[in-house]
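Coordinate analysis (summary)
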Amino acid sequence: RLENRANMARNLRQAAKGQTCTVCGRDSETVVLAHLRVGLNGGMGIKPPDHHAVYACADCHRYMDGPGRADHKTQLIAHLRQIDRWLAEGRLVLT
């Protein structure tokens, strides 16, 4: 099970390259897997799991995870869009 989770995480990070930003929709070479911090899934120096993330360009990554970050509603909407993308791409499979 843990091996599958590690593979999924690595695949999500690698898949971000070349994707459009889930937050703003722009196609950008700066898109990475940006982790969402909502107070329940990480902490100081503890990164949330990779499935608690979105594809985000550099500007949106700063907006979602920087000082004065996006509110929880904005993060939730982006995350739900990302989950739908992963399901459509077959990167996330519900069993």
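All values reported here derive from a predicted model rather than from experimental measurement. (Residues numbered from 1 in each chain as written. Predicted model: local features only at pLDDT ≥ 70, side-chain atom pairs only at ≥ 80, totals over all residues. Heavy atoms only, no water.)

1. What to know about the packing of aromatic side chains
What characterises a pair of aromatic rings is the spacing of the ring centres plus the angle enclosed by the ring planes. All told, the structure shown has one aromatic pair when counted by the stated rule. Between Tyr-55 and Trp-86, the ring centres sit 6.1 Å apart and the planes meet at 80°, which makes this aromatic pair edge-to-face. Here Trp-86 lies in helix 3 (residues 72-89) and Tyr-55 lies in strand 2 (residues 53-56), a separation of 31 residues in the sequence. Using a relative accessible area of 1% as the deciding quantity, one classes Trp-86 as buried. (Phe/Tyr/Trp six-rings, centres within 6.5 Å; stacked < 30°, edge-to-face > 60°. Helix = DSSP H or I, 4+ residues; strand = E, 2+ residues; numbered from the N terminus. Buried < 20%, exposed > 50% of the residue type's maximum accessible area, 1.4 Å probe, protein only.)

2. Observations concerning the pairing of strand 2
Burial along strand 2 is two-sided: the face carrying Ala-53 and Tyr-55 and the face carrying Val-54 and Ala-56 are both buried. Pairing of strand 1 (residues 32-35) with strand 2 involves four bridges; the strand directions are antiparallel. Looking across to strand 2, one finds that His-35 is bridged to Ala-53. (Pairing = 2+ DSSP bridges.)

3. Some remarks on helix 3
Counted at 1.5 Å a residue, the expected span for helix 3 with its 18 residues is 26 Å, and the 25 Å between its end C-alpha atoms agrees. When helix 3 is considered as a whole, its buried residues turn out to be Gln-75, Ala-78, His-79, Gln-82, Arg-85 and Trp-86. One face of helix 3 carries all of its buried residues, which in axial projection span an arc of 120°. Across helix 3 from its buried face, at more than 90 degrees, point the exposed residues Lys-73, Asp-84 and Ala-88. (Expected span 1.5 Å × (residues − 1). Arc of directions from axis to C-beta.)

4. Comments concerning the confidence of the model for the protein
Overall, the prediction assigns the protein a mean pLDDT of 84, with 85% of residues at 70 or greater. When mean pLDDT is taken per element in the protein, strand 2 scores highest with 95 and helix 1 (residues 2-15) scores lowest with 71. (pLDDT = per-residue confidence, 0-100.)

5. Here we look at the side chain of Ser-28
Structurally, Ser-28 can be placed in the loop between helix 1 and strand 1. Ser-28 gets classed as buried once you look at its relative accessible area, which sits at 19%. Polar side-chain contacts of Ser-28 include one of 2.7 Å to the side chain of Thr-30. Setting aside anything within four residues of it in sequence, one finds Ser-28 in contact with Gln-19 and Cys-57. (Polar contact = N/O pair within 3.5 Å; in protein donor to acceptor, adjacent residues only side chain to side chain. Contact = heavy atoms within 4.5 Å.)

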